[in-house]
Structures are given as structure tokens and as C-alpha cells.
Amino acid sequence: MSDGGSPFGETEEVEGADFARELSLFDIVVIGIGAMVGGSIFVLTGLAAGESGPALVLAFALNGFITIFTGMVYAELGSAFPEPGGGYLWVRTALGRSQAFISGWMSWFAHAVAGSLYILSFGSFLTLIITEYFSVATFGLSPLDLQKLFAAFAAAVFTYVNYRGAKETSRAENVVTVLQLAVLFVFIASGIAALVGDPNPAVNYEPFLPNGVGGVFLAMGLTFIAFEGYEIIVQSGREVVNPHENIPKAVFYSMLVVVTIYILVGVVLLGAVRITPELLRTAQQTNSIGGSTVQNLPPNPALWQVLGHLGEFGLAQAAGQLLPYGTLVVLLTGILSALAALNATTFSSSRVGYAMGNDRVFPDMFSRIHPDHHTPHVSVLLSGALITVMAVTLPLAQVAAATDLMFLLLFLQVNYSMIRLRREHGDELDYGYVSPYFPVVPIIGILTKLFLAVYFFNYSPLAWYIAGGWILAGFGVFFLYSRGRIRETEIAREIRVVSEERYPTERSNRVLVPIANPESAKPLVEMGCAIARRNDAEVVLTSIVTVPVQTPLEDGQRFIGDQREMLADAVQYAPDDVPVHRTVTLGRSVGRSITNVARQRDADLVLLGWRGRRKRTRENVLGSTLDYVVENPPCDVAVAKVVPDDEPEEVLVPVAKGPHSAFATDIAAAFAEAWGADATLLHVLEPDGNGSEDVMTERQWELVEEGLDVSTVLVSDDDVAESILAYADEEGIDTIVVGAAREGILRRVMFGDIPERVGERFAGRTVMVKKHSPARSAIRRWAGKWVGRRKE
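Keep in mind that what you see is a predicted model, and the values were worked out from it rather than measured.

Student: Is there a simple way to think about the overall build of the protein chain in this case?
Tutor: Along the protein chain, the regular secondary structure elements total 26 helices and eleven strands. Sorting the 792 residues of the protein chain into buried and exposed places 60% on the buried side. The long-range share in the protein chain, meaning contacts at least 24 apart out of those at least 6 apart in sequence, stands at 83%. When the accessible area of the protein chain is evaluated, it comes to approximately 30400 Å², of which 56% is carbon and sulfur surface.

Take a look at the structure:
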């Protein structure tokens, strides 16, 4: 990003969070290739062949094609944000921290489960070697027990390697990745030589689509984890030399190498290998430890069925035909490759945990940096523990399926975030690479990932259940823990209280009244105090001073004008029996600062002034400040159209079912008590007779029991707003208090057309009120972020 002010808020540096910037372009290319080739090609090739048949080659090619679009997105965003966190960081910047939590929660889990896949692969290969080649005593342990035991050991070792630091990580990874590439090169070369010398090389490719196109889609979904490497590349951004240039290069270089290798391995595996009695006997005698995609072999199986039956051992057993000691060589290489991929995913998972800890949505210990190794050591240890737990509790095939699904969902979010970031902040970001054909590239990425994710249910419903369960658990963690921390840190980062005058007496309930204009101070203070008196509350007056983004909030006092004097003058309108406090607050935007002050003060109601004119634009309804507060309410909200300061004498309350109308009745009662005004409850009955007359009667009796003189009126009309306005005009009403209409989840609504029409056209005082519903507000904010609703 540019060196000037950031549009994304101020970042908070963690003490000691200076990663060693030691990784070269070669290092991160190797890290990416190690993750993309390592565990997947040796483990998932046989499983995928059992789904697609010879069309495995097509599945690899299509995966390579569709991943280009998301690869370009990662190259662009990775160059603009060379920081730990990857997809989590981008979703947070585009959609906000609450939306990003689920993305980060999924990303952390996806990388950890990927690590579980790789250590299970290590365990499977090592178990087969020691039992089949060396006949080592297993002391009564089953192959599955050995697989889990070896997996836990590998997780412990590579957790320690990542604990030590990135340089030790890259050294081990470079050696392992070069070795596996050498073995794959020899395997591919031997296979091509066999194909060239075969008089009928096409026999194994027939039929090409034994399971139809659906089999190809399943194989694509099953092996898409191969392309999680570019997520791992961008996680190392802070540790990379010249990240703006090297991260995009690493993404494209690694994709080119990996896609080529996968396609060539598919061509050789399905074309050069033949079903021999020895291979068939091996398939019948060797059972997959982690699961297979062809459970029972038919009497005369095709090669792809044999490979699917062998599961994670498919590629290794087939290699015995092409290389001397080919099975053993591939198993040993698969072991090293799985460890390289484990190394990369442990690295990446810990960086996601660090980013979320640094962002205060995870406990602070996730963001601790080791003073000597310069690594997020606590996050490394906890990520390693998660990898181990997943490995010992789930079978390999289901771990692979869950991993693929989680990455597909994560990539879908990242593609959408790229669209938002380019549109809203593109001019302010320092890109090292810019994706062409915007927004076509990310849209194609979204559609292809969504299709594969949905279609993948046909392969593994359990993977969807695991993913759904983890996401639901994330919502629980967010609402019970992370949301409170987000609010605390947002308040601390986004506002500063620079002046405060407190009344000697304090009460537990609060009415927050922002004052921006001295002309509106008297009616707002009087209404706020009337509501506070009825609810045994205190009033907090605040004035927001906006500070430009390029200026630190600590230096923002020079932007303060006569706000202190304005608040001091406003206090004179408050009665003696209502405590009134006043503060001057610095913030970046008025609406966001008001909501933060309301949360900081634990306000029960925010009372805002309105000029009485709707904006009638796509961006604004009542005004940018009012829209933000009403759409992101921290508590109950009331918006009052300010008129000359005559005291209310005739108060009208339109009555309907629901909490907003009941809240309006309570506000009207506060005015009646404060000024001795007459209150009238009005219900408009629809022409067909539907209505809530009983509700009106019930609310009348509640107020009468409090000693208030309340009358009721019932009218019939199909235009509610016109009926309210006509009655108010005929009866000399000077104040209308109206509750919000029903809200839509996706439709953008402030108070609703009826209250807003009444407020705009009524000549007297109008107060529109909305009762806070935390769950509904959270759903609407979440949905609004994803459909592109305006952010202040």
C-alpha cells in the first residue's frame, strides 16, 4: 500500500512483530510447489482416477484452467497486501472484521485439515513400507493404528521446525521439493518412453468417460487442494524479499510447473501402465488405509478401477511397472513430499492464526512473536495441535474431501473480495500486479468454485457436514467471544474522547444524544431528557469531530472548534432531575463514531436529529450519517425531525403490531409525561378488515393504568401514510411518533416508506423509532456486506 493514509483504518503493530524478511523468490516458489505437488499428486491421483477414469487428464487440465482466474486474484491481492493472513486479511479489508472472521475461521481450519491430509499420507506410506518391505514387527497394532501414530509423530516434528523459523523451514522444503520433482521427472520420462514404444497407446484411455462428465467434476473437486499453494505463498508476504514483485511471480511460476506436472502424470499413469497379473494381485491384496473410490473390483477391472481401489497407494503401485523399485521409490518420495506439504501448511495455518490474533478476534496469545526466532510460536503450536487432532479422528479420504471443500469456499470469498477492493480502494493501493479483464476474472472464479463446491456433495456429504459444523461453531465463537473484542478494539482504534464533563450522579440506563448544530440542541436535549426521565436514565451529549485519515487521531485536537462551548450551552435545556454528561469525540466518520460511542457508553437509545428530507439516491436514504447508524444500530434508535421549539401538546402514535410500534407508544408516553401533552393512538384498518385493533386497545389500557389520558381512533383506508397525515392535519396534531415498518433482509430499509413519508411531509415534529434486534441486525449487516451495500 501507499505510504500515505490508509483507507482501511489504522493498523496496530504488535510489539516484537518484526518477521525476518529472508525468503527469496526461489524459496517461495518452492514453498508453493511443495504444497501443490507434495501431498496431492502422490495421494489423490489414485482416488481421483477411480472417479473420472481416463478423463483424469481432462480433470487435471480443467483444474489448471479454472485455477488461473483465482491465481490472478491471489497475485494481485498478494502484491497489494504483503502481510500474513492471506484471504482472511482481504475479506476483512473488503467486508469488515465481522464478515472476515468466518473467512479466517475457515482458512485456519482449511490449512490445518490440509496438514492433516499430508501427515495421514505420510503415515500410510510409511506403514506400507515397514509392513510390506521390511516386515517390521507392529506389536499388534493395525495398519490404521500405525498410520495415526506416524501421523502424530510427523505433526510434532514439523510443528517444531516451524517454531524454529522460516529459514529453517525453507531449507528443509527446498531439498525435499527438488527431490520429489526429480523423481516425478524420471517417472514421467519413463512413462513417455513406454508410450512412444507402445503400438496401441490409446487402449487404456477407452472408454474415456466411464463415469460421465460427473466423474470428471468429482475428480476436479477431489484434487483441487493441489492449488492451495498460492494461498500459502501469500501468507509469507512479510518474510519475502521484494514482495510486490516476487509474490505474483511465485504464484504464476508455481502454477505453471504444477499444472504441467499433473497433466503429464495423468497421461503417463493412465496411458503407460498396463493391468498385469502382478498389479491385479497387488490390488486384491493391498487395502487402502485411508479409503478408496472403488470398493469392490469387478472380475475384469479397468486400470482406473484398480487405481481407485488402491486409493492413496494407486500411483505408487503403478510406478512399479515403469521404474526399477518404482513402488518403493514413489512411496519414499511420497513420504518426503507429504512432509514438505505438511511443512508449508503448518507455516500457512500458523500465519492465519497470527493474523486473527493480531486482529483481536482470536486470543492475544496467537499474535505473540518469539523474541529469538521471530515466528508466531504460539500460533504454530496451536495450529500443529489442530492438525494432529483432525488427523487422528478422521479417515484420509474424508479429510481430503473436507480440505478441498473448505478451500473452494475460501477461494470463492477471496474472488468476491477482490471485486470490492478494486472498486472501492483500487486507486489507493500499491499493486505489484493488476489482473486484466476486471471484473470478468473474479466472477469466473466465483462461478467455477461455487459449482465445484455444490457438486462435491455427490462425492462426500460428510465433507459438507464437517464444513457446515465448523462454520456453525465459528458463528458461536464469534458471537460469544470475538464480537465483543472486535467492538472493543474498533472503539479504541477509531475514536478518541478528548473532552469530558461528567454529572456527579450516574445511572445504569443511558440516552445518547449527538449534537452537530446549535439550532437543534434545545429540542433534542429536551426530548432526550424526557425519555431518560421515564426510563430512569441519564443523558450523554456528544459532538463528533472528524479527523482526516492521514492524520493520527492523537493529533486531531487541532480540528476541534467550538464543540465544547456548544455542548455547554446545550446542557441548560436539561431539567435538574436528569443527569447529563458531555463529551467531545474524535473519529474518522460521524456515523461510525456515533455507533462506537454508543457501544462504549453502553447506551440504550441513540436520539438523532433529521432535517426532514429524504435524499432519494442509491447511496443515501436519510443521509450518510443517519443511514449508517440506523443500519448498524448498537441499541434502540430514534430519529427526530427538528422543528421550532414549541412544546408538544398533541401527540399522535400510529399503532400496529410489532416491537417498533410498541416502542413508539412508550416514547409518546414520555412526551406526554414531560409536557402534559394529550396522546392519541391511531390505527388504520385495511379495507378488507384486517388490522390490529386489539393491540391498540391493549396499549391504551397500559398507559391509562399509568395515569395518562389517552384516546384512540380507528380509521379505514388502504393508504396508511395519507390517513395519518390527514388525521394529523384535521385534529391539529403537532407531534407524531411512529415506529419503523417491517424490515427486509436484503432490501435496504431505514424506517420504511410509511414512517419516512410521514416524517417528510408532516409540518410538525416527527420522531421515527426502531427497536434494536441484535440477531436480525447482525443478519442484515452480514447480508448487506455480501450484496455490496454501501459502507460509510
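Student: Just to check I follow, could you spell out the pattern of salt bridges for this structure?
Tutor: Taken as a whole, this structure holds 17 salt bridges when the rule is applied. When the shortest N-O distance is used, the salt bridge between Arg-274 and Asp-198 registers 2.1 Å. Placement of the pair is Arg-274 in the loop between α9 (243-272) and α10 (277-285) and Asp-198 in the loop between α6 (166-196) and α7 (212-223), with a sequence separation of 76 residues. With relative accessibility at 22%, the residue Arg-274 sits in the partly exposed group.

Student: Where do I start with the pairing of strand β8 (residues 678-685) in this structure?
Tutor: If a strand is regular, its side chains alternate between the two faces of the sheet. Taking burial as the measure, the eight residues of β8 include seven buried ones, the bulk of the element. By the bridge criterion, five bridges tie strand β7 (residues 650-654) to β8 in an arrangement that is parallel. Paired with Val-651 across the bridge in β8 is Ala-679. Bridging between β8 and strand β9 (residues 710-716) involves seven bridges; their strand directions are parallel. Directly across from Leu-681, in β9, lies its bridge partner Thr-712.

Student: Can you walk me through the side chain of Thr-680 in this structure?
Tutor: As for its placement among the helices and strands, Thr-680 is situated in strand β8. Residue classification places Thr-680 among the buried positions, given a relative accessible area of 5%. Reaching out from Thr-680, the side chain makes a polar contact with the side chain of Ser-711 at a distance of 3.2 Å. Other than its neighbours up to four places away in sequence, Thr-680 contacts Val-651, Leu-652, Val-653, Ser-711, Val-713 and Tyr-727.

Student: Looking at this structure, I do not really get a negative patch on the surface. What am I missing?
Tutor: On the surface, a cluster of negative charge is made up of Asp-646, Glu-647, Glu-649, Asp-678 and Asp-709. Looking at the secondary structure, you find Asp-678 in strand β8. Judged by relative accessible area, Asp-678 falls into the partly exposed class, the value being 35%.

Student: How should I be thinking about the packing of helix α5 (residues 143-164) against helix α14 (residues 377-393) in this particular structure?
Tutor: For any two helices packed against each other, the geometry is given by the interaxial angle and the distance between the axes. Close contact between α5 and α14 brings their axes to 9 Å; oriented N to C, the two are set at 170°. Here α5 lies roughly antiparallel to α14, going by the angle between them. For the element pair α5 and α14, the recorded crossing hand is right-handed. Side by side, α5 and α14 meet where Lys-148, Ala-152, Ala-155, Thr-159, Asn-162 and Tyr-163 of the first sit next to His-377, Val-380, Leu-381, Gly-384, Thr-388, Ala-391, Val-392 and Thr-393 of the second. Looking at the contact of α5 with α14, its residues break down into seven nonpolar, six polar and one charged.

Student: Please explain the nonpolar core as it appears in this structure.
Tutor: Soluble globular proteins tend to bury their nonpolar side chains together. The biggest cluster of nonpolar side chains holds 161 residues, and the ones touching the most others in it are Trp-90 and Phe-187. Counting residues per element, this core draws most heavily on helix α4 (residues 97-133), which supplies 20 residues. For Trp-90, the residues in contact, after removing those within four places along its chain, are Tyr-74, Leu-77, Gly-78, Phe-81, Val-234, Val-414, Ser-417 and Leu-421. Core analysis: the second largest hydrophobic core is formed by 53 residues, Ile-531, Ala-638, Ala-677 and Leu-681 among them.

Student: Help me out: how do you make sense of helix α11 (residues 303-310) in this one?
Tutor: Think of an α-helix as turning once every 3.6 residues; residues three or four places apart then point the same way. Among the eight residues that make up α11, eight are buried, leaving the element largely enclosed by the rest of the structure. Remark: Gly-311 follows α11 within two positions and exhibits a positive phi of approximately 65°.

Student: What's the story with helix α22 (residues 659-675) in this structure? I'm lost.
Tutor: If you check α22, its first and last C-alpha atoms are 25 Å apart, about what 17 residues at 1.5 Å a residue would give, namely 24 Å. Summarising burial for α22: twelve of the 17 residues are buried, a large majority. Among the residues of α22, His-660, Ser-661, Phe-663, Ala-664, Thr-665, Ile-667, Ala-668, Ala-669, Ala-670, Phe-671, Ala-672 and Trp-675 are the ones counted as buried. Two residues or fewer after α22 comes Gly-676, characterised by a positive phi angle close to 65°.

Student: What should I look at first to understand a nonpolar patch on the surface in this one?
Tutor: A cluster of nonpolar side chains, contributed by Leu-58, Leu-62, Phe-208, Leu-209 and Val-213, occupies part of the molecular surface with about 370 Å² of accessible area. Structurally, Leu-62 is set in helix α2 (residues 56-80).

Student: When you look at the packing of aromatic side chains in this model, what are you seeing that I'm missing?
Tutor: Aromatic rings in a pair are described by how distant their centres are and how their planes are angled relative to each other. According to the stated counting rule, one finds 25 aromatic pairs in the structure shown. Ring plane angle 85° and centroid distance 5.8 Å describe the contact between Trp-108 and Phe-366, whose orientation is recorded as edge-to-face. With Trp-108 in helix α4 and Phe-366 in the loop between α13 (326-358) and α14, the pair connects residues that are 258 residues apart, well separated along the chain. Under the relative-accessibility criterion, Trp-108 is labelled buried at 9%.

Student: Please explain the packing of α2 against helix α16 (residues 440-455) as it appears in this structure.
Tutor: The geometry of α2 relative to α16 is characterised by a closest axis approach of 8 Å and an angle of 130° between their N-to-C directions. One finds that α2 runs oblique with respect to α16. Regarding α2 and α16, the two cross each other, and that crossing is left-handed. On the side of α2, the interface is formed by Asn-63, Ile-66, Phe-69, Thr-70, Met-72 and Val-73, while α16 contributes Val-441, Pro-442, Ile-444, Gly-445, Thr-448, Lys-449 and Leu-452. Looking at side-chain class alone, the contact of α2 with α16 contains eight nonpolar, four polar and one charged residues.

Student: For this particular structure, what's the right way to read the pairing of strand β11 (residues 765-770)?
Tutor: The element β11 is largely enclosed, with a buried count of six among its six residues. Covered by surrounding structure in β11 are Arg-765, Val-767 and Val-769 together with Thr-766, Met-768 and Lys-770, the residues of both alternating faces. Bridge count for strand β6 (residues 636-641) against β11 is five bridges, and the pairing is antiparallel. Counted as the bridge partner of Ala-638 is Val-769 from β11. Sheet topology note: the strand β10 (residues 735-739)/β11 ladder contains five bridges and is parallel. Bridge pairing in β11 links Val-737 to Val-767.

Student: Any chance you could explain the environment of Asp-555 here in plain terms?
Tutor: Structurally, Asp-555 can be placed in the loop between β3 (537-546) and α19 (563-571). Spatially, the C-alpha atom of Asp-555 lies 9.8 Å from that of Leu-586, the residues being 31 residues apart in sequence.

Student: Mind showing me how you'd approach the environment of Ala-226 here?
Tutor: Structurally, the position occupied by Ala-226 is in the loop between α7 and α8 (229-235). Along the chain, Ala-226 and Ile-33 lie 193 residues apart, while their C-alpha atoms are 9.1 Å from each other. Ignoring any residue separated from it by four or fewer positions in sequence, one finds Ala-226 in contact with Met-36, Ser-40 and Tyr-262.

Student: What should I look at first to understand the confidence of the model for the protein chain in this one?
Tutor: The predicted coordinates should not be examined in detail at positions where pLDDT is low. Confidence along the protein chain averages 83 in pLDDT terms, with 89% of residues attaining 70 or more. Across the protein chain, the element-wise mean pLDDT spans from 51 in helix α26 (residues 774-786) up to 95 in strand β2 (residues 509-514). Here residues 1-20 scores under 50 on pLDDT; set against residues more than four positions off or in separate chains, the count is 43 contacts. pLDDT under 50 marks residues 782-792. Its contacts with residues more than four places away, or in other chains, come to 44 contacts.

Conventions adopted
Residues numbered from 1 in each chain as written. Predicted model: local features only at pLDDT ≥ 70, side-chain atom pairs only at ≥ 80, totals over all residues. Heavy atoms only, no water. Helix = DSSP H or I, 4+ residues; strand = E, 2+ residues; numbered from the N terminus. Buried < 20%, exposed > 50% of the residue type's maximum accessible area, 1.4 Å probe, protein only. Contact = heavy atoms within 4.5 Å. Areas by Shrake-Rupley, 256 points an atom, 1.4 Å probe, with all protein chains shown as cover. Salt bridge = Lys/Arg side-chain N within 4 Å of Asp/Glu carboxyl O. Pairing = 2+ DSSP bridges. Polar contact = N/O pair within 3.5 Å; in protein donor to acceptor, adjacent residues only side chain to side chain. Patch = residues over 30% accessible without salt bridge, like charges linked within 9 Å, V, L, I, M, F, W, Y side chains within 5 Å. Lys, Arg positive; Asp, Glu negative; His and termini not counted. Charge placed at Lys NZ, Arg CZ, Asp CG, Glu CD. Axes fitted to C-alpha atoms, helices over the stretch in contact; angles between N-to-C directions. Parallel < 35°, antiparallel > 145°, perpendicular 65-115°, else oblique. Left-handed = near helix turned anticlockwise from the far one by under 90°. Nonpolar A, V, L, I, M, F, W, Y, C, P; charged D, E, K, R; others polar. Core = buried A, V, L, I, M, F, W, Y, C linked by side-chain atoms within 4.5 Å. Expected span 1.5 Å × (residues − 1). Phe/Tyr/Trp six-rings, centres within 6.5 Å; stacked < 30°, edge-to-face > 60°. pLDDT = per-residue confidence, 0-100.

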